[in-house]
Amino acid sequence: MITTDTTALTIQRLSRRYGSLIAVRDVNLELEAGKFMALLGPSGCGKTTLLRLIAGFEQPDNGVIMIGGRTVVGPCGAGIPPEQRRVGMVFQDYALFPHLSVAQNVAYGLPRSPDREARVQELLTLVGLADAGRRMPHELSGGQQQRVALARALAPRPALILLDEPFSNLDAGLRLAVRNEVRQILRREGATALFVTHDQEEALSIADLVGVMIGGQIVQVAPPRELYERPATRAVAAFVGETNFVPAEAHGSVAQSPLGPLPLLTPHHGPVQVMIRPEAIELTVDEDSPHQIVERNYFGANVRCDVRLSDGSLISARLAPWHDVPPGSRVRVSARGPLVAFAD
Ligand code: ATP
C-alpha cells in the first residue's frame, strides 16, 4: 500500500477478536486528507469497533494504523495512547461537559496559550454560535449541542475527526439540516473525517466516500453514486438501497430474462442475477402483457408498484406519484440500462 503526504488515515490488515467472534477482520483502508468518509453497515458489522481501534480505545490483535503520517499502532502491536493520536471524537450523545460553558467546552482540549481564546471564538463563529460562548450546554438545542461538540473536536486541529452516529439523536427534520451544516463546517475547516452510520441516505447524501462494512470486513469503498449504481458485490447491492435481483442467462453484454433481453454493464456468461433499482423500471399499460401489477403503495414523493412477472416472481418499481395505474393492470416492464449483473 502506498501512503502519501496527503493520506490522513492508513489502516493495514487490522483485526480485532472478542473470544471466537471476529469483530474487525483484516481491514485495509485509506483516507485522503480533507475527505469526509462514511462507514456504513448493518448492526453488529464492526463499525464502532473499527472507530474505537482508530481512536485508541481498543487494541487490535493485528494490524497497523497510521494517522497524519504517524504510526499509532505498529506491526508489533504497541500503540500510542488516545490523547496523543491527534484524533477528535464526536459522539452520538455529544458528551459535552455539563458544568462547563460552551466556550469552556470548546477550549477543553486546547493548550494554554495566548491564542487560545481567539481559537475558541473562531470555532464558535465557524459553527454559527459566536454569541453562545457563555451559555451552558443544557440551554442549547440538540443541533446546537452537536455543533459545540464538533467545535470542541476541531479546536486542536486534529489530523482526523471520528464521528460515531453523530446525527441519530436528532429528530428527522433537524437531522437533514444539521448534517449539511456539519459537512459545510468540516469543509471550511479542511478537516478529514470518518463517520459511522447505519443510515444509508445519510451516508450517500453527505459523504465524499462511503465504505461498506459487512461481517467485520470493508467490502467496498466508493463515491456515493458509484456505490449505488455499481456495487461490487451482491451483498453491497442488497444492503445499499432497495433493489430487485432478476434471474437471467447472460450471453456477453446481454442477458435473457423474464423481462426480455437486458443490457449488461460488463459482459457475463451463464446464469446471473441482474440488479435493477426500482426507480430504473418503467411500466407501460399493455393488455397483452403477461406481467401484472399486484400491489400499489402511495408514498407522497413516489409510488411503489409490485409487479408479478410471467415466471411468478415479483419485481418492485418506484414511479412518480402521478402514475395511478391500479392493481390488476397488465403492464410491459422495461429497465433503464446498462445493468449490473452478479454471477449466480
Ligand atoms: P451497531 O450499528 O449496532 O452499533 P456496529 O457495526 O457498530 O453495530 P460493533 O459495536 O463494532 O458493531 O460490534 C461488532 C461485533 O462485536 C458485535 O457482534 C458485538 O456484539 C461485538 N462486540 C463489540 N464490542 C464487544 C466487547 N467489548 N466484547 C464482546 N463483544 C463485543
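See the structure above.
Residues numbered from 1 in each chain as written. Predicted model: local features only at pLDDT ≥ 70, side-chain atom pairs only at ≥ 80, totals over all residues. Heavy atoms only, no water.

**Quick word on the packing of aromatic side chains**
Link 1 in the chain: This structure, assessed with the given rule, holds four aromatic pairs.
Link 2 in the chain: On the basis of an interplanar angle of 50° and a centroid distance of 4.5 Å, the ring pair of F97 and Y108 is categorised as tilted. In this pair, F97 sits in the loop between β6 (87-90) and α2 (102-107) while Y108 sits in the loop between α2 and α3 (116-126), placing the two residues eleven residues apart along the sequence.
Link 3 in the chain: Classification of F97 as partly exposed rests on a relative accessible area of 25%.
Link 4 in the chain: For Y108, a relative accessible area of 53% puts it in the exposed group.
Link 5 in the chain: When the centroid spacing of 6.2 Å and the interplanar angle of 75° are considered together, the rings of F167 and F195 count as edge-to-face. Within this pair, whereas F167 is found in the loop between β7 (160-164) and α5 (172-189), its partner F195 is found in strand β8 (residues 193-197), the two being separated by 28 residues in sequence. (Phe/Tyr/Trp six-rings, centres within 6.5 Å; stacked < 30°, edge-to-face > 60°. Helix = DSSP H or I, 4+ residues; strand = E, 2+ residues; numbered from the N terminus. Buried < 20%, exposed > 50% of the residue type's maximum accessible area, 1.4 Å probe, protein only.)

**Notes on the environment of V87**
Link 1 in the chain: In this structure, V87 sits in strand β6.
Link 2 in the chain: With 70 residues separating them in the primary sequence, V87 and R157 have C-alpha atoms 8.8 Å apart.
Link 3 in the chain: Excluding its chain neighbours within four sequence positions, the residues that come into contact with V87 are I67, P158, L160 and L162. (Contact = heavy atoms within 4.5 Å.)

**Considerations on the sheet that holds strand β4 (residues 62-67)**
Link 1 in the chain: The strand order across the open sheet formed by four strands is β2-β1-β4-β5, and the pairing between neighbours is antiparallel. Each edge of the open sheet is held by one strand with a lone partner, namely β2 (21-32) and β5 (70-73). Going across the sheet, the axis of each strand differs from the next one's by a mean of 25°, ignoring polarity.
Link 2 in the chain: In terms of strand pairing, strand β1 (residues 7-18) meets β2 through eight bridges, oriented antiparallel. The residue bridging I11 from the neighbouring strand is L29, located in β2.
Link 3 in the chain: Strands β1, β2 and β4 of the sheet are contacted by helix α1 (residues 47-55), whose axis makes an angle of about 120° with β1. (Pairing = 2+ DSSP bridges. Axes fitted to C-alpha atoms, helices over the stretch in contact; angles between N-to-C directions.)

**A look at the site of the ligand**
Link 1 in the chain: All residues in the neighbourhood of the ligand are listed as Y18, L21, A23, P42, S43, G44, C45, G46, K47, T48, T49 and H198.
Link 2 in the chain: In the environment of the ligand, an oxygen atom lies 3.0 Å from a nitrogen or oxygen atom belonging to the backbone of G46.
Link 3 in the chain: With respect to the ligand, the side chain of T49 contributes an N or O atom lying 2.6 Å from an oxygen atom.
Link 4 in the chain: The fraction of the free accessible surface of the ligand (630 Å²) that becomes covered by protein chains is 58%. (Near = heavy atom within 4 Å. Polar contact = N/O pair within 3.5 Å; in protein donor to acceptor, adjacent residues only side chain to side chain. Areas by Shrake-Rupley, 256 points an atom, 1.4 Å probe, with all protein chains shown as cover.)

**As for the packing of helix α4 (residues 142-154) against α5**
Link 1 in the chain: Remark: α4 packs on α5, axes separated minimally by 10 Å, with the N-to-C direction vectors making an angle of 20°. In terms of orientation, α4 lies roughly parallel with respect to α5. In this structure, α4 crosses over α5, and the sense of that crossing is right-handed. Of the residues in α5, those in contact with G143, Q146, R147, L150 and L154 of α4 are L174, V178, E181, V182, I185, L186 and E189.
Link 2 in the chain: Across the contact of α4 with α5, the residue classes break down as seven nonpolar, two polar and three charged. (Parallel < 35°, antiparallel > 145°, perpendicular 65-115°, else oblique. Left-handed = near helix turned anticlockwise from the far one by under 90°. Nonpolar A, V, L, I, M, F, W, Y, C, P; charged D, E, K, R; others polar.)

**With respect to the pairing of β5**
The two faces of the sheet receive side chains in turn, since in a regular strand these alternate between them.
Link 1 in the chain: Looking at chain direction, β4 and β5 are connected through three bridges and run antiparallel. Bridging from a neighbouring strand, I67 pairs with R70 of β5.
Link 2 in the chain: Linking β4 to β5, which pair antiparallel, is a turn of two residues; within it G68 sits at a positive phi near 55°.

**So, the pattern of salt bridges**
Link 1 in the chain: Across all of its chains, the model carries 15 salt bridges by this definition.
Link 2 in the chain: Of the charged contacts in the structure, one is a salt bridge between R147 and E181, with a shortest N-O distance of 3.1 Å. Pair noted here: R147 is in helix α4 and E181 is in helix α5, with a separation of 34 residues, a long-range link.
Link 3 in the chain: On the basis of relative accessibility, which here comes to 27%, the residue E181 falls in the partly exposed class. (Salt bridge = Lys/Arg side-chain N within 4 Å of Asp/Glu carboxyl O.)

**Concerning the side chain of R85**
Link 1 in the chain: Its place among the elements puts R85 in the loop between β5 and β6.
Link 2 in the chain: It is E83 that comes nearest to the buried, bridge-free R85 among opposite-charge side chains, at 8.0 Å.
Link 3 in the chain: A polar contact is formed between the side chain of R85 and the backbone oxygen of I54, at a distance of 3.0 Å.
Link 4 in the chain: Of note is the side chain of R85, whose polar atom sits 2.7 Å from the backbone oxygen of I80.
Link 5 in the chain: The contacts of R85, once residues within four sequence positions are left out, are L53, I54, A55, G56, Q59, I67, R70, V72, V73, G79 and I80. (Lys, Arg positive; Asp, Glu negative; His and termini not counted.)

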